[in-house]
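# Coordinate analysis (summary)
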Amino acid sequence: MRLWSIHPKYLDAQGLVALWRESLLAQAVLQGRTNGYRHHPQLRRFRDHRSPIAAIAEYLRGIHDEAARRKYRFAAGKINGSRTRVRIAVTRGQMLFEWHHLLEKLRTRSPEQYARLASVARPRPHPFFREVHGTVESWERPKPSASQAACVSEDRTRICTNGTG
């Protein structure tokens, strides 16, 4: 399960559909409707929110908005009706870690998308997240490689797309 912190506009079609499905699963987990993924580390930030179900619903709305912009027809009725304005903080280090991870996926899966995004120096967060200073989140699994961690913590504007930093 990958609940991306970066804005869904950066995902290719396959990534956006996967994010929608995984986020719906996360919503079901938080609602207690499934036993799978109950202890998944990426759910921690939603569980820590004062209104976890509303938080995942807002996250899903952000994905749905991007899908609608692309003229995809994701079923908005699957999103819980709860609302919140209290956004979730995401560290800059986490954003860069995920950005590197996405670029690596796109390099082979969607070279055209990779070419369009490779020059982005500072990706935007998902609309429900607000970016704050910090390194890779403690719940992230697996831990970044030494070169990736150095890049994320030393130079917050530079993106590592290879092992050299």
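Structure: see above.
Remember, predicted model here, so these are calculated numbers, not experimental data.

## Comments concerning the overall build of the protein
Counting its secondary structure elements, the protein contains six helices and two strands. For the protein, the sequential pattern of α-helices and β-strands runs α-α-α-β-α-α-β-α. Taken over 165 residues, the protein has a buried fraction of 49%. Nonlocal contacts in the protein, meaning residues at least 24 apart in sequence, comprise 75% of its contacts between residues at least 6 apart. Taken as a whole, the protein presents about 8400 Å² of accessible surface, with 49% of it coming from carbon and sulfur.

## Regarding the nonpolar core
In this structure, Phe-46, Tyr-59 and Leu-102 are the most contacted members of the largest nonpolar core, which totals 34 residues. Put simply, the parts of the chain that give this core at least two residues each are helix 1 (13-30), helix 3 (52-69), strand 1 (88-91), helix 4 (92-109) and helix 5 (111-117). Beyond its immediate sequence surroundings of up to four residues, Tyr-59 is in contact with Leu-3, Trp-4, Leu-19, Ser-23, Phe-46, His-126, Phe-128 and Phe-129.

## Examining the packing of aromatic side chains
Evaluation of the coordinates by the stated rule reveals seven aromatic pairs. When the ring of Tyr-10 is compared with that of Trp-99, the centres are 4.8 Å apart and the planes differ by 75°; the resulting orientation is edge-to-face. Here Tyr-10, found in the segment before helix 1, pairs with Trp-99, found in helix 4; they are 89 residues apart in sequence, far enough to count as distant. Taken individually, Tyr-10 and Trp-99 each receive the classification buried, so the pair is uniform in this respect. Note on Phe-128 and Phe-129: the rings are 6.4 Å apart at their centroids and 45° apart in plane angle, and the pair reads as tilted.

## Points about the side chain of Gln-113
Mapping Gln-113 onto the fold places it in helix 5. On the basis of relative accessibility, which here comes to 11%, the residue Gln-113 falls in the buried class. Of the polar contacts made by the side chain of Gln-113, one reaches the side chain of Arg-116; its length is 2.5 Å. Discounting chain neighbours no more than four positions away, the residues touching Gln-113 are Lys-9, Tyr-10, Leu-11, Asp-12 and Leu-106.

## So, unusual backbone geometry
Phi angles above zero are rare outside glycine, and Tyr-37 is one such case at about 60°. Along the chain, Tyr-37 turns up in the loop between helix 1 and helix 2 (44-47). With a relative accessible area of 42%, Tyr-37 lands in the partly exposed category.

## Observations regarding helix 3
In this model helix 3 runs 26 Å from its N-terminal to its C-terminal C-alpha over 18 residues, within 8% of the 26 Å that 1.5 Å per residue would give. Across the 18 residues that make up helix 3, a large majority, 13, are buried. Phi turns positive, to about 70°, at Lys-71, one or two residues after helix 3.

## Description of the pattern of salt bridges
Under the criterion given, the structure shown has 10 salt bridges. A salt bridge links Glu-98 to Arg-2; the shortest N-O distance between them is 3.8 Å. With a gap of 96 residues between them, Glu-98 in helix 4 and Arg-2 in the segment before helix 1 connect regions that are remote in the sequence. Here Arg-70 and Glu-66 are joined by a salt bridge, their closest N and O atoms 2.7 Å apart. Here the salt bridges do not stand alone but share partners, grouping Arg-2, Glu-98 and Glu-140 into one network.

## Brief notes about helix 1
Between its first and last C-alpha atoms helix 1 spans 26 Å; for 18 residues at 1.5 Å apiece the expected length is 26 Å, and the two agree. Elements that come into contact with the buried residues of helix 1 comprise helix 2, helix 3 and helix 4. Gly-32 sits one or two residues past helix 1 and shows a positive phi near 75°.

Criteria and thresholds
- Residues numbered from 1 in each chain as written.
- Predicted model: local features only at pLDDT ≥ 70, side-chain atom pairs only at ≥ 80, totals over all residues.
- Heavy atoms only, no water.
- Helix = DSSP H or I, 4+ residues; strand = E, 2+ residues; numbered from the N terminus.
- Buried < 20%, exposed > 50% of the residue type's maximum accessible area, 1.4 Å probe, protein only.
- Contact = heavy atoms within 4.5 Å.
- Areas by Shrake-Rupley, 256 points an atom, 1.4 Å probe, with all protein chains shown as cover.
- Core = buried A, V, L, I, M, F, W, Y, C linked by side-chain atoms within 4.5 Å.
- Phe/Tyr/Trp six-rings, centres within 6.5 Å; stacked < 30°, edge-to-face > 60°.
- Polar contact = N/O pair within 3.5 Å; in protein donor to acceptor, adjacent residues only side chain to side chain.
- Expected span 1.5 Å × (residues − 1).
- Salt bridge = Lys/Arg side-chain N within 4 Å of Asp/Glu carboxyl O.

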